[in-house]
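Understanding the architecture of this molecule
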Amino acid sequence: MTISFDEFVDEAMKILDVNLRGYKIKRVQRRTDSLMRRYNVENYAQCLDLLKKDQQFREAYLDHFTINTSEFFRNPQSFKYLEENIIPELFAGNKKVNIWSAPCSNGSEPYTLAIILTELGYDKSRYRILASDIDTGVLEEAQQGIYNENAIGNVPPALLKKYFEEIEGLSIKYKLSREIMDKVNFEYKDLIKEPYEKGWDLILSRNFFIYLTTEIKEMLTHKFVQVLKPGGYLFLGNTEFIFTPEKFGLQKVYSSFYQKI
Ligand SMILES: C[S@@+](CC[C@H](N)C(=O)[O-])C[C@H]1O[C@@H](n2cnc3c(N)ncnc32)[C@H](O)[C@@H]1O
């Protein structure tokens, strides 16, 4: 039996309980095809069969279709702007500052925030950092806190020395200090399907919208704005823009930073 990619997607969505149609479909097809080549799967019908029967393949599919690339201090200039302009404003009052990294991948992004806040001298009791992702594999990596050289390339040398320990092995790895790891909480969440917790001062949703259809991107922008506090900030990736921010009750403040009006 042969089936089209369209039919494959309809069935795969039921098996995986993931809205594959929320993502740019050509990319989903490219990722599906490359995984099939890797596993010598001949056609979409066979791929569906494996998704139904083979848990390992199911996990491999979920792992492969989401792009997990992340690094500490990704786009350093944006983090500098955050540190110099947004963070002082958010911490000016006495209230606890709520920060959400959604999605967080392997933790490089929320841990970057924890490093910045530690360097600025803010006690853990002054803020909460929650980090969410759909991929259980990257959430496990985040909780181990062990990174390769690609992830730490932008970490300033003094901070690398202070917060990471080099682990010798086949290749050099870097273990993040417990002090920083204890400042972030991780959770599994499907950001497309699940409801969001309210009351955020800052939401980082970076390098995620680029994979989504316009319709889902707009739906998620509305969802994020709904749970931001008035005056709170949405921080996107460097190649992601909201073209009519006022439509969502946002105003652009700088590059990829938007503030809820
Ligand atoms: C390219 S990474 C971006 C990570 C980080 N924000 C950064 O900029 O470095 C994209 C992440 O989105 C996650 N993701 C994809 N679809 C998701 C969904 N529906 N809900 C939650 N996370 C999702 C993937 O698992 C992946 O870790």
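Attention in this report is confined to the structure presented alongside it. (Residues numbered from 1 in each chain as written. Predicted model: local features only at pLDDT ≥ 70, side-chain atom pairs only at ≥ 80, totals over all residues. Heavy atoms only, no water.)

**Considerations on the overall build of the protein**
Scanning the protein from terminus to terminus reveals 11 helices and 10 strands. Projecting the C-alpha coordinates of the protein onto the three principal axes gives extents of approximately 65 × 50 × 25 Å. Out of the 261 residues in the protein, the part that is buried amounts to 49%. Considering only intrachain contacts with a sequence separation of at least 6, the fraction spanning at least 24 residues in the protein is 73%. Total accessible area on the protein is roughly 13200 Å²; 49% of this is exposed by carbon and sulfur atoms. (Helix = DSSP H or I, 4+ residues; strand = E, 2+ residues; numbered from the N terminus. Buried < 20%, exposed > 50% of the residue type's maximum accessible area, 1.4 Å probe, protein only. Contact = heavy atoms within 4.5 Å. Areas by Shrake-Rupley, 256 points an atom, 1.4 Å probe, with all protein chains shown as cover.)

**A look at the nonpolar core**
Counting 46 residues, the largest nonpolar core has F8, L20, Y61, W100, L220, F224 and L234 as the members making the most contacts within it. Listed by contribution, the elements that provide at least two residues to this core are α1 (5–16), α2 (25–38), α3 (44–53), α4 (55–65), β7 (200–205), α11 (214–227) and β8 (228–236). Counting contributing residues per domain, this core is built from domain 1 (5–65) and domain 2 (76–145 + 177–260), each supplying no fewer than three. Sequence-distant contacts of F224, defined by excluding residues within four places in its chain, comprise W100, A102, Y196, I203, S205, F209 and L234. Formed by 41 residues, the second largest nonpolar core is a distinct cluster that contains Y81, I86, V97 and V184. (Core = buried A, V, L, I, M, F, W, Y, C linked by side-chain atoms within 4.5 Å. Domains from an automatic or database assignment.)

**A few points about the sheet that holds strand β2 (residues 127–133)**
Across the sheet, 7 strands lie side by side as β6-β2-β1-β7-β8-β10-β9; this open sheet has mixed pairing. Looking at which strands have only one partner, the edges of the open sheet turn out to be β6 (185–188) and β9 (250–254). Ignoring which end each strand starts from, the neighbouring axes of this sheet average 25° apart. Packed onto the sheet, helix α5 (residues 76–90) meets β1 (97–101), β7, β8, β9 and β10 (257–260) and runs at close to 170° relative to β8. Across the sheet, α11 is in contact with β1, β7, β8, β9 and β10; its angle to β8 comes to roughly 140°. (Pairing = 2+ DSSP bridges. Axes fitted to C-alpha atoms, helices over the stretch in contact; angles between N-to-C directions.)

**Digging into the layout of surface pockets**
The volume enclosed by the largest pocket comes to roughly 390 Å³. Contributing to the lining of the largest pocket are 28 residues, with I67, P103, D133, N207 and F208 lying nearest its centre. Residue composition of the lining of the largest pocket, by class: 13 nonpolar, 7 polar and 8 charged. Counting the residues that make up the lining of the largest pocket, at least three belong to each of domain 1 (5–65) and domain 2 (76–145 + 177–260). Approximately 280 Å³ is the volume attributed to the second largest pocket. (1 Å grid on protein atoms, 1.4 Å probe; cavity = no way out; pocket = protein on both sides within 12 Å on 5 of 7 lines; lining within 4 Å. Points joined across faces, edges and corners; volume = space filled by probe spheres on them. Nonpolar A, V, L, I, M, F, W, Y, C, P; charged D, E, K, R; others polar.)

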